[in-house]
Amino acid sequence: MTTFPPVPADLFRFTTTDHAELHTAVLRVFGLANERLETALTVDDVQQRLKEAGWREQLTDGELTTSLTALRQWGLLDAAQQRYHLTRLGEAAYAGVRRALEALSGSGSLQTAVLDAIVDRLDELQNVRDDRRVFTALMELEGHLDALRSNTTRFNADLQRLLKDEETDLATFQEVKRTTITYLRDFIGDLDARKQQIRDKIDAIDPVTLHERARNGADLYQDDELWLRQRATQWKSLKTWFATVDELQDVARKAIVQLLRVLDRISEQRRRPTNTASDFRALARWFARTETEDEAHELFNAAFGLWPARHAHLAHADGELLPSGEPWRNTPAVPVSPQLRALGGQEVGGGAGKVRNVDEVRRNRREQAEKERRELEHAWAQIQTDGAVRISTLTNLDHDTFHRLIDLVGRALGSDPDSTGTRTAGTTDGRMQINLRNARGWATITTQKGTLSGPDYVIDVQSR
């Protein structure tokens, strides 16, 4: 039979229900209050603090009470005199969710500075006389060990995922060669220099005496025997980690060899004939590295050989009849004189005229394009949301911004919903993405040119 303590069945049930986002936000409200030493909250307190916890939707007291009741049924909250507070299960659930999100968003590292910190704490524990300082130094030592162990594990996992990534290109691994391999070698060198020093310092300390002194300095008021057992377990873990640190060095050395092999394999693939798609991807990377617009134009001209034409100043006889957004292929052709290319001027009654200076035309067009780009950026900035919001909460939208929002909503409504009922769509250029799901209620949006009413939706608009 296993001796691992079982996890309560309903501990994380709130993350799997239809209202998982609301339950998580409510639990976070109580977690944040606990951090400020506020142990009990009323329904009104929770309603006022939901926005701080990341909840942006409008919520009725009935919906909030239903969520509080569900959390109470699962044993995460308790209530007395219309005031709710976290139970021990609730504290554990909040800590678990927060730790999981940190693990999903973080990345590992091999921090040589932590090795120095461990040496310093061990030195201090051998010489310190104050029991209170013994307690704090021991806690710091355990914290450094936990950080070193978790970051090393995560770094190794990230490294293995990188090695298995078949889509990684040569540029990525060239960066890895300059950073990761050097990083691993430096860590191995620091570990070689410190491992025996740390082992000797650990062996020179009597853990029983150390933990007794730390307990005296901790001012514990209950269950000090359990505290001592926990310290003994942590000390054993410290000895074991540095006793088996040679295995970590072997893993790091093998990782260096694997990285170099993958680099060679990708380099070999790169020497083979490439296709048009890979050429365009390489060109896109070059464009991404340009620092100014002039450099980008020079690269464009070098890649495609397209230079400004002398007929750039020509236009239709009545340009106002053509919509500004009409594609050029759908507009009537503009007649160009055959002699414009040969002689640099159009046919006239007399001799060939001078070629017109179109710098002013180009400058005006460039300024107009920059103005349109600024307007587009302003529109995207207004539409982008910090999480999920209802359309009915959006106010003060100018008409152009409103038009782009409706276009995004229309694209999302035209897509198929996923298993959660969420529809996703993006702009043609891939810069913005919207996640949309149904919401109860009716939305009315007013702009300078009129008012639009329709079903309300919950949207989340983000840049990509």
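Cut-off values and rules
- Residues numbered from 1 in each chain as written.
- Predicted model: local features only at pLDDT ≥ 70, side-chain atom pairs only at ≥ 80, totals over all residues.
- Heavy atoms only, no water.
- Axes fitted to C-alpha atoms, helices over the stretch in contact; angles between N-to-C directions.
- Helix = DSSP H or I, 4+ residues; strand = E, 2+ residues; numbered from the N terminus.
- Parallel < 35°, antiparallel > 145°, perpendicular 65-115°, else oblique.
- Left-handed = near helix turned anticlockwise from the far one by under 90°.
- Contact = heavy atoms within 4.5 Å.
- Nonpolar A, V, L, I, M, F, W, Y, C, P; charged D, E, K, R; others polar.
- Core = buried A, V, L, I, M, F, W, Y, C linked by side-chain atoms within 4.5 Å.
- Buried < 20%, exposed > 50% of the residue type's maximum accessible area, 1.4 Å probe, protein only.
- Pairing = 2+ DSSP bridges.
- Patch = residues over 30% accessible without salt bridge, like charges linked within 9 Å, V, L, I, M, F, W, Y side chains within 5 Å.
- Areas by Shrake-Rupley, 256 points an atom, 1.4 Å probe, with all protein chains shown as cover.
- Salt bridge = Lys/Arg side-chain N within 4 Å of Asp/Glu carboxyl O.
- Lys, Arg positive; Asp, Glu negative; His and termini not counted.
- Charge placed at Lys NZ, Arg CZ, Asp CG, Glu CD.
- Phe/Tyr/Trp six-rings, centres within 6.5 Å; stacked < 30°, edge-to-face > 60°.
- Lys NZ or Arg CZ within 6 Å of the ring centre and 35° of its normal.

A word on the packing of helix 11 (residues 276-289) against helix 12 (residues 293-304). Where helix 11 meets helix 12, the closest approach of the two axes is 10 Å, and the angle between their N-to-C directions is 155 degrees. Of the possible angle classes, the one that applies to helix 11 and helix 12 is roughly antiparallel. Crossing angle aside, the handedness with which helix 11 passes helix 12 is right-handed. Residues Phe280, Leu283, Trp286 and Phe287 of helix 11 pack against Ala296, Leu299, Phe300, Ala303 and Phe304 of helix 12. Class assignment of the residues belonging to the contact of helix 11 with helix 12 gives a composition of nine nonpolar, no polar and no charged.

Ranked by size, the top nonpolar core spans 30 residues in total, and within it Val26, Phe30 and Leu50 carry the most contacts. Ranked by residue count, the leading element in this core is helix 1 (residues 20-35), at eight residues. Grouped together as the second largest cluster of nonpolar side chains are 26 residues, Ile118, Leu125, Leu148 and Leu238 included.

What follows is about the pairing of strand 1 (residues 77-80). By the alternation rule, side chains of strand 1 split into Leu77 and Ala79, which are all buried, and Asp78 and Ala80, of which none is buried. Note that strand 1 and strand 2 (residues 83-86) share four bridges and pair antiparallel. Bridge pairing links Ala80 to Arg83 in strand 2. Between strand 1 and strand 2, which pair antiparallel one after the other, the connecting turn spans two residues, and Gln81 there sits at a positive phi close to 55 degrees.

This part is about a nonpolar patch on the surface. A contiguous nonpolar surface patch, about 280 Å² in accessible area, is contributed by Phe280, Phe300 and Phe304. Here Phe280 lies in helix 11.

Moving on: the side chain of Lys201. Residue position: Lys201 is located in helix 7 (residues 170-203). When near neighbours in sequence (up to four residues on either side) are disregarded, Lys201 contacts Val119, Leu122, Asp123 and Gln126.

On the surface, Glu291, Glu293, Asp294, Glu295 and Glu298 cluster together into a patch of negative charge. Residue placement: Glu295 occurs in helix 12. Judged by relative accessible area, Glu295 falls into the partly exposed class, the value being 36%.

Our next topic: the pairing of strand 5 (residues 432-447). By the bridge criterion, four bridges tie strand 4 (residues 423-426) to strand 5 in an arrangement that is antiparallel. Following the sheet pairing, Gly426 is matched in strand 5 by Gln433. Here strand 5 runs beside strand 6 (residues 450-463); their pairing, made up of 13 bridges, is antiparallel. The residue of strand 6 that forms the bridge with Ile434 is Val461. Where strand 5 folds back on strand 6, the antiparallel hairpin that results is connected by two residues.

A word on the packing of aromatic side chains. Applying the stated rule across the entire model yields one aromatic pair. Here Phe135 and Trp227 contribute two aromatic rings whose centre-to-centre distance is 6.1 Å and whose plane-to-plane angle is 35 degrees, an arrangement assigned as tilted. Remark: Trp227 occurs in helix 9 (residues 224-243) and Phe135 occurs in helix 6 (residues 131-164); sequence separation between them is 92 residues. Its relative accessible area of 10% is what places Trp227 among the buried residues. When the ring centre of Trp227 is taken as origin, the NZ or CZ atom of Arg231, which lies over that ring, is 4.9 Å away.

The values are spatial; any link to function lies outside them.
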